[in-house]
Amino acid sequence: MEGCFDGAVPPVIATCATDGMPHTTYLSQLTLVDDDHVALSNQFWSKTIANLADNPRASVLVTDSQTYETYRMALCFERRDTDGPVFERLRVSIEAIAKMMGMEEIFSLRSADVYRVLSCDRIAGPTQSR
Amino acid sequence: MLNYGAIAEFLDSGVSMVGASADDQLVPEAFRMWGASLGDGGVLRALVSSDAGQTFERMRQGTRLCMTFTDVLNLRSIQVKGRSVGAPEPPGPADVACLERYDEVLTPKSRLNGTPPALLQAIRPRSVFAVSIVLEEAYDQTPGPTAGTRLEEEP
């Protein structure tokens, strides 16, 4: 799943408010923290953050840029890093993506949001027959 | 009232389509869609990838869904939220036509932003189910300072 963490294909995150209404948006990058955790780039989220404050559960779709396999991850938000090694790793990568797209000011990293991975299921890929 | 015409036009312009539902414990499930159309009265019919098994199982009249549509070239994005009019349905002839139209518009536009054709084929759902929601809210989701603002309604 190395290609899931290079920022080449934007992942999707869904969260849910306490009134039951879901919310979904793209993010720039997912990065691997350890065997049980991933970090997601938070650049311009407001509703997503508001939802996570009351309900830490999230669902993420991520596609491997090398194999084109897609995974759905069930996540539980744990903490928000605004400095430290995970934040720096994401910041450097996001800056590169932003420069490529000419969106440096819009794409600056606010935080690296760290989640525990509850499950990860392959849901699509090029090996499926049609 | 929401500007249905503007939203419908945007859906037909070659946009990526993703959405989500949530269960009674507020656990969300993200999914991809492959084609959508907005009809009279603000009912949006979308074709959800069949791998969204939890969404398929829990959908009934009144189930809340969100859907985000993003132009693959300029990243202009709209998120709509609403409630399902009923249970999911198998795709009919009109849905198949919608899916084919979506392929025809999205494929060349994706090539312009460098998306490899093999990647587009890999994420294209093998099968879909149809959901219809009544739109209740719509937001500008374009990355930047206006993200999250409600779309202007028709005067």
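Reading the values: rules and limits
Residues numbered from 1 in each chain as written. Chains lettered and ligands numbered in written order. Predicted model: local features only at pLDDT ≥ 70, side-chain atom pairs only at ≥ 80, totals over all residues. Helix = DSSP H or I, 4+ residues; strand = E, 2+ residues; numbered from the N terminus. Buried ≥ 20, exposed ≤ 12 C-beta atoms within 10 Å, placed from the backbone. Contact = placed C-beta atoms within 7 Å. Pairing = 2+ DSSP bridges. Core = buried A, V, L, I, M, F, W, Y, C linked by C-beta atoms within 7 Å. Axes fitted to C-alpha atoms, helices over the stretch in contact; angles between N-to-C directions. Expected span 1.5 Å × (residues − 1). Bend = angle between axes of the 7 residues up to and from the residue.

## A word on the overall build of chain B
What chain B contains, in helices and strands, is four helices and six strands. The N-to-C order of helical and strand elements in chain B reads α-β-β-β-α-β-β-α-α-β. Its C-alpha atoms give chain B principal-axis dimensions of roughly 40 × 40 × 30 Å. Buried positions account for 37% of the 155 residues belonging to chain B. Counting contacts in chain B only where the partners sit at least 6 residues apart, residues at least 24 apart contribute 70% of the total.

## With respect to the pairing of strand β5 (residues 77-84) of chain B
Residues and elements named next belong to chain B. Among the eight residues in β5, seven count as buried, and that is most of the element. Pairing geometry for strand β4 (residues 64-71) and β5, over seven bridges, is antiparallel. Looking at β5, one finds that arginine 64 is bridged to arginine 83. In this structure, the hairpin formed by β4 and β5 is closed by a connection of five residues, where leucine 75 is found at a positive phi of approximately 65°.

## As for the nonpolar core
Core analysis: the biggest nonpolar cluster contains 66 residues, and A:Val60, B:Met17, B:Ala30, B:Met33, B:Ala46, B:Leu47 and B:Val48 have the highest contact counts within it. When residues in this core are grouped by element, the largest group, seven residues, is from strand β6 (residues 128-140) of chain B.

## Quick word on the interface of chain B and chain A
The partner chain A presents 33 residues to the 29 residues of chain B that form the contact. Elements represented by at least two residues in the side of chain B that touches chain A include exactly β1 (15-22), β2 (28-38), β4 and α4 (117-123) of chain B.

## A look at the sheet that holds β5(B)
Residue and element names in this part refer to chain B. With respect to topology, six strands assemble into a closed barrel ordered β1-β2-β3-β6-β5-β4, the strand pairing being antiparallel. Looking at each pair of strands side by side, their axes are set apart by 45° on average, direction ignored. Judged from the six bridges that link them, β1 and β4 form a sheet pairing that is antiparallel. Directly across from valine 15, in β4, lies its bridge partner aspartate 71. Packed on one face of the sheet, helix α1 (residues 4-11) meets β1, β2, β4, β5 and β6 and runs near 100° to β2. Helix-sheet contacts for helix α3 (residues 93-112) involve β2, β3 (43-49) and β6, and the interaxial angle to β2 is about 95°.

## Notes on α3(B)
All names here are of chain B. Over its 20 residues, α3 extends 30 Å from the first C-alpha to the last, a length consistent with the 28 Å expected when each residue adds 1.5 Å. In α3, a bend of some 25° at leucine 106 exceeds every other bend along the element, and proline 108, a proline, comes one to four places later. Every buried residue of α3 is accounted for by Cys98, Leu99, Tyr102 and Leu106. Downstream of α3 by one or two residues, glycine 114 has phi in the positive range, about 85°.

## Digging into the sheet that holds strand β3 (residues 30-34) of chain A
Residues and elements named next belong to chain A. Spatial ordering of the open sheet is given by β2-β1-β5-β6-β7-β4-β3, a layout of seven strands whose pairing is antiparallel. Only two strands of the sheet have a single partner each, and these edge strands are β2 (22-26) and β3. Across the sheet, the axes of successive neighbouring strands diverge by a mean angle of 35°, strand direction being ignored. Across seven bridges, the pairing between strand β5 (residues 57-63) and strand β6 (residues 70-81) is antiparallel. Paired with alanine 58 across the strands is leucine 75, a residue of β6. Seen against the sheet, helix α1 (residues 47-54) touches β1 (12-16), β2, β4 (37-42) and β6 and runs at an angle of roughly 50° to β1.

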